[in-house]
Amino acid sequence: MEDSTVSGSHPHEPHGGGFATRLNWLRAGVLGANDGIVSTAGLVVGVAAATTTTSAIFTAGIAGLSAGALSMAVGEYVSVSTQRDSERALLAKERKELTEEPEYELAELIDIYRAKGLSPETARTVAEELTAHDAFTAHAEAELGLNPRELTNPWLAAFSSAIAFTLGALLPLLAILLPPVTARIPVTVVAVLVALALTGSISAQLGGGDRGRAVLRVVLGGALAMLVTYGIGQLADVAGI
């Protein structure tokens, strides 16, 4: 009989080392899409409140989408590159210490496992076996919380953010352009609020938070953004700007 305690007992439970990284990318994607929805919706609703000219609304929407996607990509690339540089510096320091002071590093690893609740004998055995297998990875994971083979990727972050923002921004842009002129703003508002409710629900599920509260936050925030930009557009129209 197969030992279910070793494999197959929890087939849907993630145990891979990269699960947390994938979850972070997915959460960043949801937030990027949410940003694209809100910022583009506010822009096109504001312009639509001032003019019914389709070309003007389309130009503003495309400009906002392009600028937002590029801004997200550059921002993610810079921030993740900084994070990756810090990770590499820490790993280089750890590799140097392992080369120069292997005994001290082994004692440090033993202390880490003792602090986690292992007995001194077990902690030493675990530390020695992990060190014999792959000392660098063992110390990087235990001391720094880093897997040397799974460092953050700035290009992936930039690409993912740009794509997520673009997909989110396309919804209000299409919603404002496709309906008849009289229905543009109502259709856009409804479509945006539904999409925001969906992204709020997904983000709450990923983060393990309260779904109702998350949905309410993003829906109210999006509604407020559209209300403010609509009011500004109306004022601009009245002023003849």
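The rules behind these values
Residues numbered from 1 in each chain as written. Predicted model: local features only at pLDDT ≥ 70, side-chain atom pairs only at ≥ 80, totals over all residues. Heavy atoms only, no water. Helix = DSSP H or I, 4+ residues; strand = E, 2+ residues; numbered from the N terminus. Buried < 20%, exposed > 50% of the residue type's maximum accessible area, 1.4 Å probe, protein only. Contact = heavy atoms within 4.5 Å. Core = buried A, V, L, I, M, F, W, Y, C linked by side-chain atoms within 4.5 Å. pLDDT = per-residue confidence, 0-100. Axes fitted to C-alpha atoms, helices over the stretch in contact; angles between N-to-C directions. Parallel < 35°, antiparallel > 145°, perpendicular 65-115°, else oblique. Left-handed = near helix turned anticlockwise from the far one by under 90°. Salt bridge = Lys/Arg side-chain N within 4 Å of Asp/Glu carboxyl O.

**Side note on the overall build of the protein**
Scanning the protein from terminus to terminus reveals seven helices and zero strands. Moving toward the C terminus, one meets the helices and strands of the protein in the order α-α-α-α-α-α-α. By the burial criterion, 32% of the 241 residues in the protein qualify as buried. By sequence separation, contacts in the protein at least 24 residues apart represent 70% of the contacts at least 6 residues apart.

**Let's talk about the nonpolar core**
Among the nonpolar cores identified, the biggest contains 13 residues, and Val44, Ile57, Leu173, Ile176 and Leu177 are the most heavily contacted of them. Listing elements by their share of this core, those giving two or more residues are helix 1 (19–50), helix 2 (54–100) and helix 5 (154–177). Looking at this core, the element that brings in the most residues is helix 5, giving seven residues. Residue contacts for Leu173: discarding those within four places in its chain leaves Val44, Gly61, Ile62 and Leu65. Of all hydrophobic cores here, the second largest spans eight residues; its members include Ile37, Val192, Val219 and Met226.

**A closer look at the confidence of the model for the protein**
In the predicted model, the protein carries a mean pLDDT of 83, and 86% of its residues have values of at least 70. Across the protein, element-level confidence peaks in helix 2 with a mean pLDDT of 91 and bottoms out in helix 1 with 79. Taken as a whole, residues 1–17 scores under 50 in pLDDT and shows four contacts with residues more than four places along the chain or in a different chain.

**Focus on the packing of helix 2 against helix 4 (residues 120–144)**
At a minimum axis distance of 10 Å, the contact between helix 2 and helix 4 shows a crossing angle of 125°. Classified by the angle their axes make, helix 2 and helix 4 are oblique. Crossing of helix 2 over helix 4 shows right-handed handedness. Facing helix 2, whose interface residues are Leu90, Leu91, Glu94, Arg95 and Leu98, helix 4 presents Ala135, Phe136, His139, Ala140, Glu143 and Leu144.

**Observations regarding the pattern of salt bridges**
Tallied over the entire structure, the rule returns four salt bridges. Across the pair Glu128 and Arg124 runs a salt bridge, and its minimum N-O distance is 3.2 Å. With Glu128 and Arg124 both in helix 4 and four residues apart, the pair spans about one turn of that helix. Residue classification places Glu128 among the partly exposed positions, given a relative accessible area of 37%. The exposure class of Arg124 is partly exposed, given its relative accessible area of 42%.

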